[in-house]
Amino acid sequence: MKSIFLAGVAGLALASAASAQELKFPVGEGDFNWDSFNQFAESHDLSGQTLTIFGPWLSGDQALFESMLAYFEEATGADVQYTGSDGFETQIRIDTEAGSAPNIAVFPQPGLARDLASLGYLEPMPEGTGDWVAENYAAGQSWVDLATFEGPEGGENLYGFFYKADVKSLVWYVPENFEDAGYEVPQSMEELKALTEQMVEDGETPWCIGLGSGGATGWPATDWVEDMMLRTQSPETYDKWVTNEIPFNDPAVVGAIEEFGWFVSDDYVAGGKAAVASTDFRDSPKGLFDSPPQCYMHRQASFIPTFFPEGTEVGVDADFFYFPAYEEKDLGQPVLGAGTMFGITEASEAAEVFIQWLQTPIAHEIWMAQTGFLTPLTTVNTDVFGDPTLKKMNDILLEATTFRFDGSDLMPGGVGAGSFWTGMVDYVGGESAESVASEIQDSWDALK
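Residues numbered from 1 in each chain as written. Predicted model: local features only at pLDDT ≥ 70, side-chain atom pairs only at ≥ 80, totals over all residues. Heavy atoms only, no water.

**Q** How should the overall build of the chain be read in this particular structure?
**A** Looking only at helices and strands, one finds 19 helices and eleven strands in the chain. Taken along the three principal axes of its C-alpha coordinates, the chain extends 70 × 50 × 40 Å. Taken across its 448 residues, the chain has 55% of its residues classed as buried. Contacts spanning at least 24 positions in sequence make up 75% of the contacts within the chain whose residues lie at least 6 apart. When the accessible area of the chain is evaluated, it comes to approximately 17,800 Å², of which 45% is carbon and sulfur surface. (Helix = DSSP H or I, 4+ residues; strand = E, 2+ residues; numbered from the N terminus. Buried < 20%, exposed > 50% of the residue type's maximum accessible area, 1.4 Å probe, protein only. Contact = heavy atoms within 4.5 Å. Areas by Shrake-Rupley, 256 points an atom, 1.4 Å probe, with all protein chains shown as cover.)

Printed below as a string of structure tokens:
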């Protein structure tokens, strides 16, 4: 397996070298934080050193990532060799166990990194990294907590650095529909529920919700429950739920499921409650665009415009707002999302310097100025965003007081990608929240 990895790296070495000669944006031009680039270049010389990085990004994302790596090469003189794979999760386990790991691994979510750290296959982050993240990332302590794991000796260390985030706490709507009906974007959960009730009083249907996804049917409801957990319970309670320190049928979790249930009553959702489980999540937002509209709001992550009608312009024909928090509960502005985490799997000077590079605004701004990138780094110039929609999403991320990963992604697969999904389908079908939660807990116990 080591030879396969090295062959892949060798094949990409020329591409990385070429990118260093053709920087996407000329140094010194535009609104980028070039001072951060120049200061980094003046203080780091890695000439003659090679940095290997292995991650999940392929095709478009790989090209965007490599466009950022070119500036690290330019600043330091290092030769960066990146390999992407759609089998990353399996391959990184093989490589670390075989002693043939790259210097840096890019983890799509922290669960796998936690496992490798416990086995001694990850190096702790350079000293001071955690303090820097806490001070410079929005909801900084949340990001530190997400990357802090137990090592092989049992003590906790920071083992990861998050770079490139995604936001799920969004509600999509058609501005023209809101304007025609005289509705305003709600600023709190209380206002969102009042708006939902007002729409029903007006003879309208507030929500489109679809849980259908083939063998993964039910997963959109898990996002709803996770968002409601963050809006009704403390971040600490959310964390205990995700690790099963509190049982799935704890009243806090049952309450969050019932909060989701409030939105899927017959009067509130297109097609009635019975249609929710059978409606494909890719088709569910289409009611926003019917004339007259079949619904006015759709809660879904940042990817959903992919399934909007062809030609839909986000920001004009469709827009979004932050899925709001309860004002009365005083839990701040929690955001549910995801992100990629960089870990050091084979220590070297270049690896540690690269983690320092990720702390510079320019390392974020180069990708921001293109597409598909969000960051919690508060020192970036958001004016460089190449897409105004992403800028607006990033503002939500920067205003977050708490950030948490999709809980189902952190649970054991048999639960997070199994009984939690099916349980939500059963709940929408009429089973009680307490019964469903107890069945999910039973499935979790069976895995222990």
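**Q** What is the right way to read the nonpolar core from this model?
**A** Soluble globular proteins tend to bury their nonpolar side chains together. Ranked by internal contacts, the top residues of the largest apolar core, which has 140 residues, are W241, F248, F354 and W357. The leading source of residues in this core is helix 3 (residues 59–76), at seven residues. (Core = buried A, V, L, I, M, F, W, Y, C linked by side-chain atoms within 4.5 Å.)

**Q** Would you explain the side chain of T237 in this entry?
**A** Secondary-structure assignment places T237 in helix 11 (residues 235–242). Given a relative accessible area of 19%, T237 falls into the buried group. Not counting chain neighbours up to four residues away, the residues in contact with T237 comprise M229, I246 and A252.

**Q** I'm lost on the pattern of salt bridges in this one. Help?
**A** Charged atoms that come close allow side chains of opposite charge to pair. If you walk through the whole model with that rule in mind, you get twelve salt bridges. Its salt-bridge partner being R404, residue D239 comes within 2.7 Å of it at the nearest N-O pair. Placement of the pair is D239 in helix 11 and R404 in strand 11 (residues 402–405), with a sequence separation of 165 residues. Residue D239 is classed as partly exposed on the basis of its relative accessible area, which comes to 29%. Among the salt bridges present, the one from K448 reaches D445, with a minimum N-O distance of 3.6 Å. Looking at K448, the relative accessible area reads 66%, which means it is exposed. Classification of D445 as partly exposed rests on a relative accessible area of 39%. In the salt-bridge network here, residues are joined through shared partners; they are K168, D223 and D406. (Salt bridge = Lys/Arg side-chain N within 4 Å of Asp/Glu carboxyl O.)

**Q** I'm lost on helix 2 (residues 34–43) in this one. Help?
**A** For the α-helix, the turn length of 3.6 residues means that residues three or four positions removed from each other point alike. When helix 2 is considered as a whole, its buried residues turn out to be W34, S36, F37 and F40. Take helix 2 and look down its axis: the buried residues cluster within an arc of 160 degrees, on one side only. More than 90 degrees from the buried face of helix 2, the exposed residues found are D35, Q39 and E42. Of the surrounding elements, those touching the buried residues of helix 2 are helix 3, helix 14 (349–357) and helix 15 (361–368). (Arc of directions from axis to C-beta.)

**Q** In this structure, what is going on with the sheet that holds strand 7 (residues 170–173)? I would like to understand it.
**A** Ordered in space as 8-7-9, the three strands form an open sheet in which the pairing is antiparallel. Each edge of the open sheet carries a strand with a single partner, namely strand 8 (298–299) and strand 9 (319–322). When strand 7 meets strand 9, the two strands line up antiparallel, connected through four bridges. When the sheet's bridge partners are listed, Y173 is paired in strand 9 with D319. (Pairing = 2+ DSSP bridges.)

**Q** Would you take a moment to explain the packing of aromatic side chains for this structure?
**A** The description of an aromatic ring pair rests on the distance of the ring centres and on the angle between the ring planes. The tally for this structure, following the rule as stated, stands at 56 aromatic pairs. Each ring, one from Y173 and one from F178, has its centre 4.6 Å from the other, and the planes form 50 degrees; the classification is tilted. One exposure class covers both Y173 and F178, and it is buried. The interplanar angle of 55 degrees and the centroid separation of 5.6 Å between the aromatic rings of Y173 and F321 together place this pair among those described as tilted. Of this pair, Y173 sits in strand 7 while F321 sits in strand 9, and the two are 148 residues apart along the sequence. In terms of burial, Y173 and F321 fall into one category: buried. (Phe/Tyr/Trp six-rings, centres within 6.5 Å; stacked < 30°, edge-to-face > 60°.)

**Q** Got a minute to help me understand the pairing of strand 1 (residues 50–55) in this structure?
**A** Looking along a regular strand, one sees the side chains alternate between the two faces of the sheet. Within strand 1, five of the six residues are buried, leaving the element largely enclosed by the surrounding structure. Sheet analysis places strand 1 next to strand 2 (residues 79–84), joined by six bridges and oriented parallel. Residue pairing for strand 2: T52 is matched across the bridge by Q81. A crossover connection joins strand 1 to the parallel strand 2 through helix 3; in handedness this β-α-β unit is right-handed. For strand 1 and strand 3 (residues 104–107), the ladder comprises two bridges, and the chain directions are parallel. Its bridge partner lying in strand 3, F54 is registered against A105. (Right-handed = clockwise from strand over helix to strand, strands pointing away.)

**Q** Is there a simple way to think about the side chain of S419 in this case?
**A** As for its position among the elements, S419 is in helix 18 (residues 413–428). At 2.6 Å, the side chain of S419 forms a polar contact with the side chain of S443. For S419, the residues in contact, after removing those within four places along its chain, are G414, I440 and S443. (Polar contact = N/O pair within 3.5 Å; in protein donor to acceptor, adjacent residues only side chain to side chain.)

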